[in-house]
Amino acid sequence: MRLLILGGTVFLGKHIAEAALSAGHDVTLFHRGQHGRDLFPSTEHLLGDRDGGLAALEGRRFDAAIDMSGYLPRVVRQSVELLADSVGHYTFISSVSAYRSFTEIGLTEDAPLAKLPSESEEDIGTWYGALKARCEAEVSRRFPGRDLLIRPGLIVGPDDPSDRFTYWVARGARDGEVLAPGRPGHPVQVIDVRDLAAWTLAMAERGASGAYNAAGPATPLTMGEVLAICREVGGGVGPLTWVTEGFLAEQGVAPWTEMPLFIPESDPDSIGLDSVSIRRALEAGLSLRPLRDTVQGTLVWERTRPQDAPRRNGITAKREQELLAAWHKSRT
Ligand SMILES: NC(=O)c1ccc[n+]([C@@H]2O[C@H](COP(=O)([O-])OP(=O)(O)OC[C@H]3O[C@@H](n4cnc5c(N)ncnc54)[C@H](OP(=O)(O)O)[C@@H]3O)[C@@H](O)[C@H]2O)c1
């Protein structure tokens, strides 16, 4: 098929492009040229800013579009208005953050969505989820029955620019006592970018419609298991020291960013964040590899990166040691 990817050069979009090219599709990537200009050299790159600069797409026809880079309803509206009559099917990459609250375990796709305080709100940092929900509505309005809304949880694996999951993979490979946050039994959901890419493409190929949570694995996973697998695959030696969320709060350690994957259990609105239902996606063919493969693939990629370059999330080895020293002191 003729496939347009709005984006396609960083992480999930790049993996979707790779999967589509391997499947023999005719792929066009639309982006600003700030990332991945040289990727996929034999593939068409159309350059433009999707906010006001869609001219390169005028008059073009595609069987399907996959929208990787939609964050603002006003901007998504521009592409769906332009493409409604020239594109057969539109996939929008949304997020599980689109739900209104996470006080329940096992959220399904019909759970209420987050709401914006006002229609003109565009602060993505604060209103990411509610903005995604409004973007979804823009897509569904112009592509009824031809709209596929994918709501991923944390996407992980090779090429992940966020260093969230990768922090633990790299940490598992490095010797020394590991600062482990919270409770080993805390649930974790992650989805391997390669699994999500393959399934998203398959869903677009068959013109699937509707909303789907996309997370993994198929059976519950815990933080303790994630860290144990990262240790096992990475081969680092040294104990895991679990510190309480109260200690982390006292020390000013930011959940999720400084301690990736860690969400305090004292926050009642986060209880369901790592436990959304993925039954609908599994029934629609989502296939998930073992976490070990994801850790292995992430580690191989991590080792290709400059080791001294700063990472976007996680803490430094020095900070980890300081925190561990403070933890042990507090216990004596
Ligand atoms: N990472 C996660 O854990 C996670 C979880 C849930 C949902 N998501 C969603 O997954 C999507 C992110 O995917 P990705 O970054 O991996 O996708 P990607 O398609 O690999 O990379 C983003 C693409 O968008 C392009 N782009 C950004 N702003 C643009 C603009 N104004 N005009 C035109 N092109 C633009 C970038 O290229 P240029 O910079 O060259 O323009 C790049 O090609 C997002 O929708 C995000 O909300 C992510």
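As the structure is a prediction and not an experimental result, all values here were calculated from the model. All residue numbers here refer to positions counted from 1 along the written sequence of the relevant chain. Totals for whole chains, interfaces and linings use every residue, but because this is a predicted model, local features are given only for residues with pLDDT of at least 70 and side-chain atom pairs only at 80 or more, for both listing and counting.

### Here's the deal with the nonpolar core
Take the buried Ala, Val, Leu, Ile, Met, Phe, Trp, Tyr and Cys residues, join any whose C-beta atoms are within 7 Å, and the set you get is a nonpolar core. Each residue is classified by how many other C-beta atoms fall within 10 Å of its C-beta atom, where C-beta atoms are placed from the backbone; a count of 20 or more means buried, 12 or fewer means exposed, and values in between mean partly exposed. Formed by 87 residues in total, the largest nonpolar core has its most connected members in I5, L12, A65, A214 and V226. Numbering of helices and strands runs from the N terminus, with a helix taken as a DSSP run of H or I at least four residues long and a strand as a DSSP run of E at least two residues long. Ranked by residues supplied to this core, first place goes to helix α5 (residues 193–205) with 8 residues.

### So, the domain arrangement of the protein chain
Per the annotation, domain bounds derive from an automatic or database assignment of domains. For the protein chain, the assigned domains read domain 1 (2–152) and domain 2 (165–188 + 219–270 + 291–330). A straight line from the C-alpha centre of domain 1 to that of domain 2 covers 31 Å.

### Thoughts on helix α3 (residues 124–142)
Take the number of residues in a helix, subtract one, and multiply by 1.5 Å to get its expected span. Compared with an ideal rise of 1.5 Å per residue, which puts 19 residues at 27 Å, α3 spans 23 Å between its outermost C-alpha atoms and falls more than 12% short. Note on bend: at a given residue it equals the angle between the axes fitted to the 7 residues ending there and to the 7 starting there. Along α3, the helix axis deviates most sharply at A130, where the bend reaches about 45 degrees.

### With respect to the environment of I271
Tracing the sequence through the fold places I271 in the loop between α7 (245–250) and α8 (279–283). It is 9.3 Å that separates the C-alpha atoms of I271 and S101, two residues lying 170 residues apart in sequence. Among all residues touching I271, those that are not within four sequence positions of it are F102, T103 and I105. Here the contact rule is simple: place C-beta atoms from the backbone, and any two residues whose C-beta atoms are within 7 Å are in contact.

### Concerning the site of the ligand
Using a C-beta atom placed from the backbone for every residue, we mark a residue as near a molecule or strand if that atom lies within 6 Å of it. Among the 25 residues in the neighbourhood of the ligand, the closest are listed as G7, V10, F11, G13 and R32. Elements with a contribution of two residues or more to the shell around the ligand: α1 (12–22) and β7 (154–156). Among the elements that take part in the shell around the ligand, α1 stands out by supplying 3 residues, more than any other. We call Asp, Glu, Lys and Arg charged. Ala, Val, Leu, Ile, Met, Phe, Trp, Tyr, Cys and Pro are nonpolar, and the rest, Gly among them, are polar. The class makeup of the residues in the shell around the ligand is 8 nonpolar, 12 polar and 5 charged.

### Description of the pairing of strand β6 (residues 147–152)
With 6 of 6 residues buried, β6 is to be regarded as a mostly interior element. By the alternation rule, side chains of β6 split into D147, L149 and R151 and L148, I150 and P152, which are all buried. Only strands that DSSP links by at least two bridges are regarded as paired with each other. Here 4 bridges tie strand β5 (residues 87–93) to β6, and the two strands are oriented parallel to one another. Paired with Y90 across the bridge in β6 is D147. Look down the strands so they point away from you; if the path from the first strand over the helix to the second goes clockwise, the crossover is right-handed. With α3 bridging β5 and the parallel β6, this β-α-β connection has right-handed handedness. One ladder, built from 5 bridges, connects β6 with strand β11 (residues 210–214); its direction is parallel. Residue I150 lies in a different strand from β11, and its bridge partner there is Y212.

### Here we look at the sheet that holds β11
The strand order β3-β2-β1-β4-β5-β6-β11 describes an open sheet built from 7 strands, whose pairing is parallel. Looking at which strands have only one partner, the edges of the open sheet turn out to be β3 (44–47) and β11. For this sheet, the mean inter-axis angle between neighbouring strands, taken without regard to orientation, is 20 degrees. For helices, the fitted line uses only the C-alpha atoms of the stretch in contact; every axis is such a line through C-alpha atoms, and the angle between N-to-C directions lies from 0 to 180 degrees. Sheet strands touched by α5: β4 (62–67), β5, β6 and β11. Its angle to β6, the strand with the most contacts, is close to 165 degrees.

### Remarks on the environment of M203
When you line up the elements, M203 lands in helix α5. Excluding anything up to four places from it in sequence, M203 contacts L148, A208 and A284.

### Things to note about the packing of α1 against α5
Direction vectors running N to C along α1 and α5 enclose 55 degrees, while the axes themselves pass 8 Å from each other. Taken together, the axis directions place α1 and α5 in an arrangement best described as oblique. Read as a crossing pair, α1 and α5 show a hand that is right-handed. When α1 is examined against α5, the residues L12, H15, I16, A19 and A20 are found in contact with a partner set consisting of V193, R194, L196, A197, A198, T200 and L201. Split into classes, the residues belonging to the contact of α1 with α5 amount to 9 nonpolar, 2 polar and 1 charged. Angle categories are assigned with fixed cut-offs, so that under 35 degrees is roughly parallel, over 145 is roughly antiparallel, 65 to 115 is roughly perpendicular, and the rest are oblique. Two helices cross in a left-handed way if the nearer one is turned anticlockwise from the farther one by less than a right angle. They cross in a right-handed way if the turn is clockwise.

### Here we look at α1
Those residues of α1 not exposed but buried are L12, G13, K14, H15, I16, A17 and A20. Where α1 is buried, its residues contact β1 (2–6), β2 (26–31), β4, β5, β7 and α5.

### Considering the environment of I150
One can find I150 in strand β6. Expressed as a C-alpha distance, the spacing of I150 and S42, which sit 108 residues apart in the sequence, is 28 Å. Once residues lying within four places of it in the same chain are set aside, the contact partners of I150 are T91, I93, S94, T200, Y212 and A214.

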